[in-house]
Amino acid sequence: MITRKLTGNNYLAWTYDGVTSSTLGEAATANSNVMYSGDATSTGDIDASDILVADDIWKMQEAARMGYIGSAQKRKMHPIRTAGGDKYIYVAHPFEIANLKHSAGSVWEDYQKYANVRGPDNPLFVGTRNLAGQLPTPIGELYGVLIYEYHALPTYTTWGVGGNVAGCEGLFLGAEAGIFAHCREPEYVDEGGMYKEYMGVGTRALYGFDKATFNSIDNGVILHRSAGKIHYTNS
């Protein structure tokens with residue numbers, strides 16, 4: 001739900017009891033801040049060479065700090081306060097991560113090798129950790145931007161002039177990118193029946209999330225689009 005709201009996509013349609021809904025929950029609003037890899041300016045002119053590279057990360061970081069998206073000045077994005085200083089976050093699809101790390105001329109390995117920690121905790125060795133009870137760790141950092149991998153971001157196969165270019169979307173995030181509200185706090189419920197012969201356990205809550213906007217401009221989100229597809233295609 002959260003990533004689809006932030007990327008401006010309606011939540012996936014679903015079928016229950018033979019009835020298919022057009023969306024699940026409230027419809028998402030289109031993103032006001034959109035950037036592209038390479039020389040692309042829309043999904044219609046993305047080609048296979050417009051992949052995510054390190055330069056895209058600092059361009060998004062610059063756009064966030066200065067408040068410029070393309071030629072239009074919009075709103076500066078505040079970074080997120082962390083123990084390691086002020087940071088932005090980029091959440092990337094695995095196809096984007098593969099391009100960032102392994103495309104021709106990639107500087108990712110050199111940055112992690114020479115500027116990150118030495119030893120087994122270096123991102124070149126550990127990748128993404130998601131241990132029970134802990135938040136995922138970033139796969140690395142570039143230009144003050146922590147980069148996370150997330151597989152459920154939207155992907156497409158109909159971009160480009162001919163409508164046949166595969167692409168994916170990523171999220172550049174600053175502070176106050178979204179709003180999470182509880183109408184009913186999480187509650188644990190257990191019920192016994194038939195003289196405790198049967199036991200049911202469950203939780204329930206009522207909550208919502210939406211992208212933060214002001215005067216129709218996204219507060220802390222840049223939607224980034226690039227070409228990207230699965231790299232292993234052998235049968």
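Draft legend 1. Focus on the overall build of the chain. A count of helices and strands for the chain gives 5 helices and 16 strands. Per-residue burial for the chain yields a buried fraction of 34% across its 235 residues. When contacts within the chain are restricted to residue pairs at least 6 apart in sequence, those whose partners lie at least 24 apart make up 65%. By element, 54% of the accessible surface of the chain is carried by carbon and sulfur atoms, the whole surface being about 14,400 Å².

Draft legend 2. Here's a closer look at the side chain of Asp50. Tracing the backbone shows Asp50 in the loop between β3 (34-36) and α2 (54-66). Of the buried charged residues, Asp50 lacks a salt bridge, with Lys59 as the closest side chain of opposite charge at 9.5 Å. Engagement of the side chain of Asp50 in a polar contact is seen with the backbone nitrogen of Asp39, the distance being 3.4 Å. Among the polar contacts made by the side chain of Asp50, one reaches the main-chain amide nitrogen of Asp47 at a distance of 3.0 Å. Setting aside chain neighbours within four positions, we find Asp50 in contact with Ser37, Gly38, Asp39, Ala40, Asp45, Ser226 and Ala227.

Draft legend 3. Looking closely at the nonpolar core. Ile57, Met60, Tyr90, Leu142, Ile147, Phe172 and Ile222 are the most contacted members of the largest nonpolar core, which totals 21 residues. For this core, the elements supplying multiple residues, two or more each, are α2, β7 (85-92), α3 (94-102) and β9 (145-149). Of the residues forming this core, the biggest block, 5 residues, is contributed by α2. The contact partners of Phe172, leaving out residues within four places of it in the chain, are Ile57, Met60, Gln61, Ala64, Met77, Tyr88, Ile89, Tyr90, Val145, Gly220, Val221 and Ile222. Within the second largest apolar cluster, 11 residues are counted, among which are Leu146, Leu171, Phe209 and Val221.

Draft legend 4. Expanded view of the pairing of strand β10 (residues 155-159). For β10 and strand β11 (residues 165-173), the ladder comprises 3 bridges, and the chain directions are antiparallel. Considered in β11, the bridge of Trp159 is made with Val165. Between β10 and the antiparallel strand that follows it, β11, lie 5 residues; Gly160 among them carries a positive phi value of about 90°.

Draft legend 5. Local environment of the environment of Val161. Tracing the backbone shows Val161 in the loop between β10 and β11. Taking the C-alpha atoms as reference, Val161 lies 5.3 Å from Gly44; in sequence the two are 117 residues apart. Residues within four places of Val161 in sequence aside, it is in contact with Gly44 and Asp45.

Draft legend 6. Highlighting the pairing of β11. Among the 9 residues in β11, 8 count as buried, and that is most of the element. Both β11 and strand β16 (residues 221-227) contribute to a ladder of 7 bridges, which runs antiparallel. From the neighbouring strand, Cys168 faces β16, where its bridge partner is Ser226.

Draft legend 7. Region of interest: the pattern of salt bridges. Enumeration according to the criterion identifies 7 salt bridges in this entry. Across the pair Arg81 and Asp86 runs a salt bridge whose closest N-O atoms are separated by 3.0 Å. Classification of Asp86 as partly exposed rests on a relative accessible area of 43%. The shortest N-O distance in the salt bridge between Arg225 and Glu169 comes to 2.9 Å. Here the residue Arg225 occupies a position in strand β16, and Glu169 occupies one in strand β11, the gap between them amounting to 56 residues. One exposure class covers both Arg225 and Glu169, and it is buried.

Draft legend 8. Seen up close, the packing of aromatic side chains. The final tally for this structure, using the stated rule, is 3 aromatic pairs. Judged by centre distance (6.0 Å) and plane angle (90°), the ring pair of Tyr111 and Tyr143 falls under edge-to-face. Highlighted residues: Tyr111 in helix α4 (residues 108-115) and Tyr143 in the loop between β8 (140-142) and β9, separated in sequence by 32 residues. Measuring from centroid to centroid gives 4.8 Å for Tyr156 and Trp159, while their planes differ by 20°, and the two rings are stacked.

Calculation criteria
Residues numbered from 1 in each chain as written. Predicted model: local features only at pLDDT ≥ 70, side-chain atom pairs only at ≥ 80, totals over all residues. Heavy atoms only, no water. Helix = DSSP H or I, 4+ residues; strand = E, 2+ residues; numbered from the N terminus. Buried < 20%, exposed > 50% of the residue type's maximum accessible area, 1.4 Å probe, protein only. Contact = heavy atoms within 4.5 Å. Areas by Shrake-Rupley, 256 points an atom, 1.4 Å probe, with all protein chains shown as cover. Lys, Arg positive; Asp, Glu negative; His and termini not counted. Salt bridge = Lys/Arg side-chain N within 4 Å of Asp/Glu carboxyl O. Polar contact = N/O pair within 3.5 Å; in protein donor to acceptor, adjacent residues only side chain to side chain. Core = buried A, V, L, I, M, F, W, Y, C linked by side-chain atoms within 4.5 Å. Pairing = 2+ DSSP bridges. Phe/Tyr/Trp six-rings, centres within 6.5 Å; stacked < 30°, edge-to-face > 60°.

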